[in-house]
Amino acid sequence: MLSDPSLLAAAAGASGGPNLWGALGCSVAYAGALFASLDAIGDYVQFPSSVPVLGLGHRLKYSAKLFGSGITVVSAGSVLALDDNWFAFAVLSVAFLAIIAGSVLAARLAVRRLAPSAAAATAPTAPPVTSPPPARSPAALSGTGSVVGH
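Residues numbered from 1 in each chain as written. Predicted model: local features only at pLDDT ≥ 70, side-chain atom pairs only at ≥ 80, totals over all residues. Heavy atoms only, no water.

*Asks:* Can you lay out the nonpolar core for me, pointing to particular residues and giving the numbers?
*Replies:* Among the nonpolar cores identified, the biggest contains 13 residues, and Tyr30, Val73, Leu80, Phe96 and Ile100 are the most heavily contacted of them. Among the elements of the structure, α2 (20–46), α3 (56–82) and α4 (86–122) are those that each provide at least two residues to this core. Considering every element that reaches this core, the biggest residue donor is α2, with 6 residues. Sequence-distant contacts of Phe96, defined by excluding residues within four places in its chain, comprise Tyr30, Ala33, Leu34, Ser37 and Val73. (Core = buried A, V, L, I, M, F, W, Y, C linked by side-chain atoms within 4.5 Å. Buried < 20%, exposed > 50% of the residue type's maximum accessible area, 1.4 Å probe, protein only. Helix = DSSP H or I, 4+ residues; strand = E, 2+ residues; numbered from the N terminus. Contact = heavy atoms within 4.5 Å.)

*Asks:* I'd like to hear about α2, residue by residue, with values.
*Replies:* Between its terminal C-alpha atoms α2 stretches 39 Å, which fits the 39 Å expected from 27 residues at 1.5 Å a residue. Within the sequence span of α2, burial applies to Ala23, Cys26, Tyr30, Ala33, Leu34, Ser37, Ala40, Ile41 and Asp43. Sitting at the head of α2, Asn19 places a side-chain oxygen 3.1 Å from the backbone nitrogen of Trp21. (Expected span 1.5 Å × (residues − 1). Polar contact = N/O pair within 3.5 Å; in protein donor to acceptor, adjacent residues only side chain to side chain.)

*Asks:* Kindly report on α3, identifying the contributing residues and their values.
*Replies:* Compared with the 39 Å implied by 1.5 Å per residue over 27 residues, the 38 Å span of α3 between its first and last C-alpha is a close match. Here α3 has its buried residues at Tyr62, Lys65, Ser69, Val73, Ala76, Gly77 and Leu80. Two residues or fewer past α3, Asp84 is found with a positive phi of approximately 60°.

*Asks:* So what's going on with the packing of aromatic side chains? Residues and values would help.
*Replies:* Summed over all chains, the structure comprises 2 aromatic pairs. Seen from their ring centres, Tyr30 and Phe96 are 6.2 Å apart, and the 80° between their planes marks the pair as edge-to-face. Of this pair, Tyr30 sits in helix α2 while Phe96 sits in helix α4, and the two are 66 residues apart along the sequence. The pair formed by Tyr30 and Phe96 is uniform in burial state, with each residue classed as buried. Consider the rings of Trp86 and Phe89, whose centres lie 5.9 Å apart with planes at 90°: the pair is edge-to-face. (Phe/Tyr/Trp six-rings, centres within 6.5 Å; stacked < 30°, edge-to-face > 60°.)

*Asks:* How would you explain the packing of α2 against α3 if you had to name every residue and give the values?
*Replies:* Taken N-terminus to C-terminus, the directions of α2 and α3 make an angle of 160°; their axes are 8 Å apart at the nearest point. In terms of axis orientation, α2 runs roughly antiparallel to α3. By crossing handedness, the relation of α2 to α3 is classed as left-handed. Contacts between α2 and α3 pair Ala23, Cys26, Ala29, Tyr30, Ala33, Ala36, Ser37, Asp39, Ala40, Asp43 and Tyr44 from the former with Lys61, Tyr62, Lys65, Leu66, Ser69, Thr72, Val73, Ala76, Gly77, Val79 and Leu80 from the latter. In the contact of α2 with α3, the residues fall into 14 nonpolar, 4 polar and 4 charged. (Axes fitted to C-alpha atoms, helices over the stretch in contact; angles between N-to-C directions. Parallel < 35°, antiparallel > 145°, perpendicular 65-115°, else oblique. Left-handed = near helix turned anticlockwise from the far one by under 90°. Nonpolar A, V, L, I, M, F, W, Y, C, P; charged D, E, K, R; others polar.)

Next up, the structure:
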């Protein structure tokens with residue numbers, strides 16, 4: 001029964017086009033990856049690497065978001081390509097890349113604009129200059145001098 005060529009031909013030809021449920025799932029995966037990427041870009045703008053207060057944790061946080069979203073986009077794109085849904089693959093990939101490119105450009109401009117104020121906020125400040133205390137006479141130091149007005 002498994003070697004019947006008509007059964008195999010019917011199974012192979014049963015796909016009447018792209019799987020719309022698969023395309024819907026992949027578009028949700030693209031959307032989730034887009035949100036994670038935008039969140040990582042927002043973290044970068046909020047805490048740029050020029051600020052020395054940041055530890056390794058913040059850098060790992062937004063780099064992990066970017067890598068995770070990249071893995072998700074590659075996986076969803078592979079599913080769409082294997083399903084021969086080239087239209088959904090092209091539209092979702094172009095939209096994803098356009099939004100990310102625009103966001104990265106805006107983030108770079110924001111970081112450049114905020115860089116002078118961030119550098120000024122983290123720069124060490126000199127202690128305020130004060131005048132030296134007035135010199136006291138030796139009689140005032142010994143406690144034997146007279147105080148005028150008392």
